[in-house]
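Remarks on the overall topology
What follows is each chain in one-letter form.
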Amino acid sequence: MFIEDFEIRSYSKTELARLYNPQVSDAAARRLLRQWIVYNEQLKKELGMLGTPKHAHIFSPRQVETIVKYLGTP
C-alpha cells in the first residue's frame with residue numbers, strides 16, 4: 001500500500017506498523033515492523049544513534065523519517 005500524502009510526524013508504533021501492514025492484526029503489524037528494523041542493520045544503527053528507547057510507544061518525526069528512508073513510504 002502506498003500513501004501519496006504520507007506525513008512525517010509522530011506516530012505510535014501501532015499506527016505506523018498498520019500503515020505498512022494493514023492486512024494483519026495490530027500485534028502482527030508491530031512484530032513485522034520490528035523485524036524489518038532488526039534485520040536492516042543500517043536502519044537499526046541509525047535509529048540507535050537517534051537514541052530510540054527500546055520500549056517507547058511513539059516514534060518521533062525524526063525516527064519516522066529514518067524508517068521511511070530505509071523502508072520507503074508505507
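Read on for an overview of the structure. (Residues numbered from 1 in each chain as written. Predicted model: local features only at pLDDT ≥ 70, side-chain atom pairs only at ≥ 80, totals over all residues. Heavy atoms only, no water.)

Points about helix α3 (residues 41-49)
Among all positions of α3, only L43, E46 and L47 are buried. The buried residues of α3 occupy an angular sector of 100 degrees when the element is viewed end-on, so they sit on one face. Along α3, the residues that are exposed and aim more than 90 degrees away from the buried face are E41, K45 and M49. For α3, the elements touching its buried residues are α2 (26-39) and α4 (61-71). (Buried < 20%, exposed > 50% of the residue type's maximum accessible area, 1.4 Å probe, protein only. Helix = DSSP H or I, 4+ residues; strand = E, 2+ residues; numbered from the N terminus. Arc of directions from axis to C-beta. Contact = heavy atoms within 4.5 Å.)

Section: the pattern of salt bridges
Evaluation of the coordinates by the stated rule reveals five salt bridges. In this structure, R9 engages E15 in a salt bridge whose closest nitrogen and oxygen atoms are separated by 2.8 Å. Residue R9 is classed as partly exposed on the basis of its relative accessible area of 28%. We classify E15 as partly exposed; its relative accessible area is 32%. Between R62 and E65 there is a salt bridge, with its nearest N and O atoms 3.1 Å apart. (Salt bridge = Lys/Arg side-chain N within 4 Å of Asp/Glu carboxyl O.)

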